[in-house]
Amino acid sequence: MRHPTRPITLRPISMGLIGLALSTLTISAAAAPATARTAPPMRHSAHHSIRYASVDACTAKDGTDRPCHTWRLDLLDGRRVALKDAMLWPLNAKGKVDKSLSAPLTVSGDGESVAYFRKSDHRLVVREFHGGVHVMPKTPLPRGIGMDSVWLDMSQDGSRLALAYTDDDGNTRGRLFDVARASVTGTIPKSGGFSGFSGDGSAVLLQRDATANTTGLAVHDDAGAELASAVPPQIVANNGPWALSADDRTVAFVTGSGRKAALRFYDVKTDQTTGSVRVSLPGDTSPDMIDWTGEHEVTVHFSESGGPRDVVTVLRIDTQTGKTRVRDRYKVRAGTFTYQSCGG
C-alpha cells in the first residue's frame, strides 16, 4: 500500500544495498485480457526483496510527531537495511527544509528498486537492489515547486518512474522517466490525480475532474499522449483505487468487503463495465492498493489499523475465477511515522 504520506523505507547503500546477495526467483505471470500485451514476468528476490519501507517518528518539542533517523527497508527475510543517502526531509519551494514531512520515496512493485532524492546533491535517483544506480536529469521540478508537493511512483518492474506534483491551482502534473536510460519520456498532463502505471509500465492512469462532481479516467502513454478517456459510471468512480491492465484499457477495482466483495472490470475505451468475479476479502477493510501483476492476476493490499501496529495483508486474486491466495501478511514496526509496502 502506498500509505499515509506515500513514503517507503530502505537501507544504507554504498556498494549496492550493502552488497546483499540477489538470488532471484521468477514468479510466473498469470494471464490478462485477450487484447492485452503480456506484462513482463515479475522477478522477486527469494529472500532479500523489500517488504515495506518506513521512517521512524520522534516527538518534537511542540508535542507533534515528526520523521526522524533515516529511511529503512524491512526485507522478506526479516532483516532491515538503512538508506543513508536518501533525503529524510523535503525542501520546500524556497529551498528550506520542512522537518514536519518525510521526503518523497517509492519502491517498485517487484521490490527490487527504490527511487528517492539523494541527500548529497538533491538529485532524483533510482537504486536497484542489486547495486545499479540511475541518476535522473537535473532539475526535475519546475520553478516554484518544492519536494513537499511531490510524490513518486514506479512501475512493477522498476523500468519506469513517475514524479508527480501538485501545482498552485491544486492540479496534478509531472514527468515520466525511463529508468535505464535516465531520461524523460514525457509529461503527466494536468489532471485530478495520478493512479499509477499499467501492468507493463507502458502507460499511466490519471483521474480527471468531470462535470457534476464526477470523476473521469484517462489513459496516457509514457510520452504523455492520451490513449483513451471516459467518465465512468458511479460504481467505478466511487470505488478506487483502480489498476490499469497491460492492454492500456481494462481497469480493475474492488466493490464491497469481506465475503460480499467483488473484483470488477471497466473498459476506458468503450466506457463499459466488462464483468466481475466474487472474491472473499479480509474483514471489512477496503483496498489500499491494487496492481495488475499478471495477465489474469491482480495483487491487492489491505491494512488493518486500530492498534499500536498496522497489519498488512497482501492478496493475489485470479481475475477469471476470483480465487485468492495470501502472498504476505505482516505487522508494521511500532513507532513509524509513515510506511509504504512494495506494490504488486
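Please read all numbers here as calculations on a predicted model, not as lab measurements.

Asks: Any chance you could explain the packing of aromatic side chains here in plain terms?
Replies: Under the defined criterion, the tally for this structure stands at 4 aromatic pairs. Note on Tyr52 and Tyr339: the rings are 6.2 Å apart at their centroids and 75° apart in plane angle, and the pair reads as edge-to-face. Residue Tyr52 is located in strand β3 (residues 50-59), and its partner Tyr339 is located in strand β26 (residues 336-341); the two are separated by 287 residues in the primary sequence. Assessed through its relative accessible area of 2%, Tyr52 is described here as buried.

Asks: Sorry, what's going on with the confidence of the model for the protein here?
Replies: Low-pLDDT stretches of the model should not have their predicted coordinates read in fine detail. Residues with a pLDDT of 70 or more make up 85% of the protein, whose mean pLDDT is 85. Under a pLDDT of 50 for its full length, residues 1-46 has, in the predicted model, 168 contacts with residues more than four places off or in other chains.

Asks: Can you help me understand the sheet that holds strand β14 (residues 193-197) in this one?
Replies: Neighbouring strands of a sheet are bound in pairs by backbone hydrogen bonds; such pairs are parallel or else antiparallel. Spatial strand order, β14-β15-β16-β17: 4 strands in an open sheet with antiparallel pairing. The strands lining the two open edges of the sheet, one partner per strand, are β14 and β17 (226-230). When the angles between neighbouring strand axes are averaged without regard to direction, this sheet yields 20°. Here strand β16 (residues 215-221) pairs with β17 via 4 bridges, running antiparallel.

The rules behind each value
- Residues numbered from 1 in each chain as written.
- Predicted model: local features only at pLDDT ≥ 70, side-chain atom pairs only at ≥ 80, totals over all residues.
- Heavy atoms only, no water.
- Phe/Tyr/Trp six-rings, centres within 6.5 Å; stacked < 30°, edge-to-face > 60°.
- Helix = DSSP H or I, 4+ residues; strand = E, 2+ residues; numbered from the N terminus.
- Buried < 20%, exposed > 50% of the residue type's maximum accessible area, 1.4 Å probe, protein only.
- pLDDT = per-residue confidence, 0-100.
- Contact = heavy atoms within 4.5 Å.
- Pairing = 2+ DSSP bridges.
- Axes fitted to C-alpha atoms, helices over the stretch in contact; angles between N-to-C directions.

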